Amino acid sequence: MARRQLETAKQIVAALGTMKGAAMKLGQVMSFLDVGLVPEQHREEFQRELAKLRDAAPTVSFKQMRKVIEDDLEEPIDDVFESFEQRPIAAASIGQVYRATLHDGRDVAVKVQYPGVAGAVRADMQNLEMIMRLLKRMTPGLDVKAIAEEVKERIVEELDYELEAQNQRSLARIFAGHPFILVPEVVGSLSRERVLVSEYVHGVGFEELKTRSQGERDRIGEIVFRFFLGCLYRHRQFSGDPHPGNFLLLDDGRVAFLDFGLFKRLDEGPVDLELAAQRAVVEGNAAALHRLLADSGFLPDPARVDPDHLLAFIESAIWWYTTDEVVQLSPQIATAAMIESSDPRSSHFREMRHQDMRPEHLFGRRMEMLTLAVLSQLGAKANWHRIAREWMYGDAPTTELGRQEADFYGRSGVGAPLSDIRRLAR
C-alpha cells in the first residue's frame, strides 16, 4: 500500500510538472511544506520528486516563446539582445526564464510568459467559487466572497509582468546598498506585460544550501526571515511567494531574492493590528487578543469564541517567533503549525469555524507559513523572537546581521523608525 501511494504521488508530480499556473504553484509549495500525503518512510523520496518542480519547465518550444518575446518587444530578438540562450534556466508558475546578454554587455534574465496561460489562469479562477462553497461549509464564519475576490485580484496581477517590474523596482530601491540582501535591478525599457528583463544573478540554489554547515544555514535562515517578515512589518509591502526557487546565495555572502509577481501592499492599520496581536500572544494577554480580533472583524460572533482558546489557536501558528528561546526549525514543526492553524484536523477546528479571515491579511499569513516551511527545510536555528522584536517592539538588534541591518536603515532612512514602533508597542 505504501509503495502504491508513492507511485501515485510520483504520477501526480509528473502531471503537475506538465501544468502551468496555480497547479504548478501548488506542486512547488508541496515540495517544501510536507502535509503528510505519503507514509513517513517515503516522504524524503517524495520531497525529492516534488523538488524537481522548482526548476522543471513544462515543454513549450522556444519557437512559441520567441514569438511572445518579439510580439511584446515589437522587435526581433537579435535586434534587442547580443546573445540569447534558447534553453530556459528556470521555470516560473506561469512562464520560463532565459539567460541573455544585451548589446551593452550586461547579462540579464528574461522572464517570458507561456503563450495562452493568461486565459488558462483566468479560467481556473472560475473554479474558485466551487472551492469557496466547500470552505464555507467547514468555516461558516468565513466571508468567502471577500476572500475569493482577494485571491482573484492577487493571482490575476501575477499575469502582468509590467506590474511585477514595478514591485521589483520598489524593493530594489529599498534594499539598494543593503549588506546582505539583493533585489536585482529591472531593465524597464525591455519589460512588458508578458516579458520582464532584469539583472542576471548567479548563485547557490536551495538544494545545495541544505547540505551546508549549521552555521551557514542559520545565517541564510535569518536573512530569509528578515527579508520576508521584515518587508511586511517594516515596509508594508512584501513578496507573497517565498519558496526555495526564489532566492540564491551569492559569492559575496548576500542573498538575492527573485520573483515579485505575487505581491501585496498594506496600509498602516492592518500592519499595526498584526503587530499588536503578536504582542498580545507574547504577553499571554488572551483578553487583549480577543478584543483586537473582535474589533477588527475577525470574530463575527465574539461571544462564541473563548479568549483562552483563541490565544492557544493563534499561538500554535506563531509560537516559533513569539517564544523567547532558541528554536531549531524542522519539517515536523512546519507541518504541525500548518495543520493547527488551517486544517480540519486541527485541535482548534471548533474555534476556526467561528472566525473570519479579513482579505487584506490573507497573503501575509500565506507568506508567513511558507517562510516557516522554507526555514524548516533548511533546519535553521535562531532565537526568532529576538529578531522579530525589532519590528514588534522596536528593540535593538541582538545578532550581527541585525546590527548590520540597523546601521543600513539608519543610513538609508527607509523602514519604520524604531521610535514609531516603540510608541505603538506602548
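Residues numbered from 1 in each chain as written. Predicted model: local features only at pLDDT ≥ 70, side-chain atom pairs only at ≥ 80, totals over all residues. Heavy atoms only, no water.

Caption draft 1: Broad picture of helix α9 (residues 161–174). In a regular helix each residue adds 1.5 Å, so 14 residues correspond to 20 Å; α9 covers 20 Å between its end C-alpha atoms and thus fits that length. Those residues of α9 that sit buried are Y161, E164, A165, N167, Q168, S170, L171, A172 and I174. Backbone nitrogen of E162 and a side-chain oxygen of the N-cap are separated by 3.0 Å at the start of α9; the cap is D160. (Helix = DSSP H or I, 4+ residues; strand = E, 2+ residues; numbered from the N terminus. Expected span 1.5 Å × (residues − 1). Buried < 20%, exposed > 50% of the residue type's maximum accessible area, 1.4 Å probe, protein only. Polar contact = N/O pair within 3.5 Å; in protein donor to acceptor, adjacent residues only side chain to side chain.)

Caption draft 2: Broad picture of the pattern of salt bridges. Scanning the model with the defined rule gives 23 salt bridges in all. As a salt-bridge pair, R194 and D72 come within 2.9 Å of each other at their nearest N and O atoms. You can see R194 sitting in the loop between β5 (181–182) and β6 (195–199) and its partner D72 sitting in helix α4 (residues 62–73), a full 122 residues away along the chain. Using a relative accessible area of 14% as the deciding quantity, one classes D72 as buried. The structure contains a network of salt bridges with shared partners spanning E222, R226, R234, E390 and E405. (Salt bridge = Lys/Arg side-chain N within 4 Å of Asp/Glu carboxyl O.)

Caption draft 3: Local environment of helix α11 (residues 214–235). In a regular helix each residue adds 1.5 Å, so 22 residues correspond to 32 Å; α11 covers 30 Å between its end C-alpha atoms and thus fits that length. The largest bend along α11 reaches roughly 40° and is located at L229. Where burial is concerned, most of α11 is hidden: 18 out of the 22 residues are buried. With its phi angle positive at about 60°, R236 sits one or two positions after the end of α11. (Bend = angle between axes of the 7 residues up to and from the residue.)

Caption draft 4: Focus on the sheet that holds strand β9 (residues 255–257). If you walk across this open sheet you meet the three strands as β5-β9-β8, and the pairing is mixed. A single partner strand is all that each edge strand has here, and the edge strands are β5 and β8 (247–249). Pairing of β5 with β9, which is carried by two bridges, proceeds in the parallel orientation. Paired with I181 across the strands is V255, a residue of β9. (Pairing = 2+ DSSP bridges.)

Caption draft 5: How the structure looks around the nonpolar core. One finds F225, F227, F257 and W384 to be the most contacted residues of the largest nonpolar core, which totals 72 residues. By residue number, the principal contributor to this core is α11, which donates 10 residues. Contacts of W384, omitting those with residues within four sequence positions, involve G221, E222, F225, W320, Y321, V327, L329 and L375. Core analysis: the second largest hydrophobic core is formed by 36 residues, F62, I69, I147 and I155 among them. (Core = buried A, V, L, I, M, F, W, Y, C linked by side-chain atoms within 4.5 Å. Contact = heavy atoms within 4.5 Å.)

Caption draft 6: Unusual backbone geometry, seen in detail. We note that E74 has phi near 60°; this positive angle belongs to a residue other than glycine. Note that E74 resides in the loop between α4 and α5 (77–80). Given a relative accessible area of 70%, E74 falls into the exposed group. For D259, which is not a glycine, the phi torsion comes out positive at approximately 75°. Structurally, D259 can be placed in the loop between β9 and β10 (263–265). D259 sits in the buried class, given a relative accessible area of 16%.

Caption draft 7: Structural detail: the pairing of strand β3 (residues 95–102). The element β3 is extensively covered by neighbouring structure, given that seven of its eight residues are classed as buried. Note that strand β1 (residues 81–84) and β3 share three bridges and pair antiparallel. Its bridge partner lying in β3, F84 is registered against A100. Of the pairings in the sheet, the one linking strand β2 (residues 90–91) to β3 comprises two bridges and is antiparallel in character. Counterpart to A91 in the pairing with β3 is Q96. Where β2 folds back onto β3 in an antiparallel hairpin, the turn is made up of three residues. Two elements, β3 and strand β4 (residues 107–113), share seven bridges in a ladder whose sense is antiparallel. Bridging from a neighbouring strand, G95 pairs with Q113 of β4. The antiparallel pairing of β3 with β4 creates a hairpin that spans four residues between the two strands, and G105 there sits at a positive phi of about 95°.

Caption draft 8: Focus on the packing of aromatic side chains. This structure, assessed with the given rule, holds 18 aromatic pairs. Centre to centre, the rings of F175 and F227 are 5.5 Å apart; their planes meet at 45°, and the pair counts as tilted. Highlighted residues: F175 in the loop between α9 and β5 and F227 in helix α11, separated in sequence by 52 residues. Across this residue pair, the class does not change: F175 and F227 are buried. Between F227 and F257, the aromatic rings sit 3.9 Å apart at their centres with planes inclined by 10°, giving stacked as the arrangement. Taken together, the positions of F227 in helix α11 and F257 in strand β9 put the pair 30 residues apart, joining distant regions of the chain. In this structure, F227 and F257 share a single accessibility class: buried. (Phe/Tyr/Trp six-rings, centres within 6.5 Å; stacked < 30°, edge-to-face > 60°.)

Caption draft 9: How the structure looks around the pairing of β4. A large share of β4 lies buried, amounting to six of its seven residues. Here five bridges tie β4 to β6, and the two strands are oriented antiparallel to one another. Residue pairing across strands places K111 opposite L196, the latter belonging to β6.

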